[in-house]
Amino acid sequence: AEGGIGSLSQLTFNIGFVSLPSRELATYADIRHAMENELDASDHSKQWRFYVPKLGPVSTKQEVSLGPALKFLEGTTSDPRLG
């Protein structure tokens, strides 16, 4: 679906990188907290959401309840670039 929801390249962009104490244990909430603290405020907005392949956007309530992000993502995709 060119130009539609299937075209994630039109919906995503890089805003920088953050350091996490543990990539295996970090939750989506931990990642959001690191992004808010380590990246310039002008580089991101509170309006963005994490996106899980095959499932869709993660709500802010789910950011804590889903547990470690890497483990959760490993159950939703077989993409070898994960992690």
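The sections below set out a description of the structure shown in this document. (Residues numbered from 1 in each chain as written. Predicted model: local features only at pLDDT ≥ 70, side-chain atom pairs only at ≥ 80, totals over all residues. Heavy atoms only, no water.)

1. Quick notes on the overall build of the protein chain
Then step 1. Within the protein chain, the regular secondary structure consists of 3 helices and 2 strands.
Then step 2. Counting from the amino terminus, helix and strand elements in the protein chain follow one another as α-β-β-α-α.
Then step 3. The buried share of the protein chain, reckoned over its 83 residues, is 24%.
Then step 4. Carbon and sulfur atoms make up 55% of the accessible area of the protein chain, which totals about 6,300 Å². (Helix = DSSP H or I, 4+ residues; strand = E, 2+ residues; numbered from the N terminus. Buried < 20%, exposed > 50% of the residue type's maximum accessible area, 1.4 Å probe, protein only. Areas by Shrake-Rupley, 256 points an atom, 1.4 Å probe, with all protein chains shown as cover.)

2. Here's the deal with the nonpolar core
Then step 1. By size, the foremost hydrophobic cluster in this structure holds 10 residues: Ala 26, Tyr 28, Ile 31, Met 35, Leu 39, Phe 50, Val 52, Val 58, Ala 69 and Leu 73.
Then step 2. Mapped onto this core, the elements with two or more residues apiece are helix H1 (28-38) and helix H3 (69-74).
Then step 3. Here Phe 50 is in contact with Tyr 28, Ile 31, Arg 32, Gly 56, Pro 57, Val 58 and Glu 63, once residues within four sequence places are set aside. (Core = buried A, V, L, I, M, F, W, Y, C linked by side-chain atoms within 4.5 Å. Contact = heavy atoms within 4.5 Å.)

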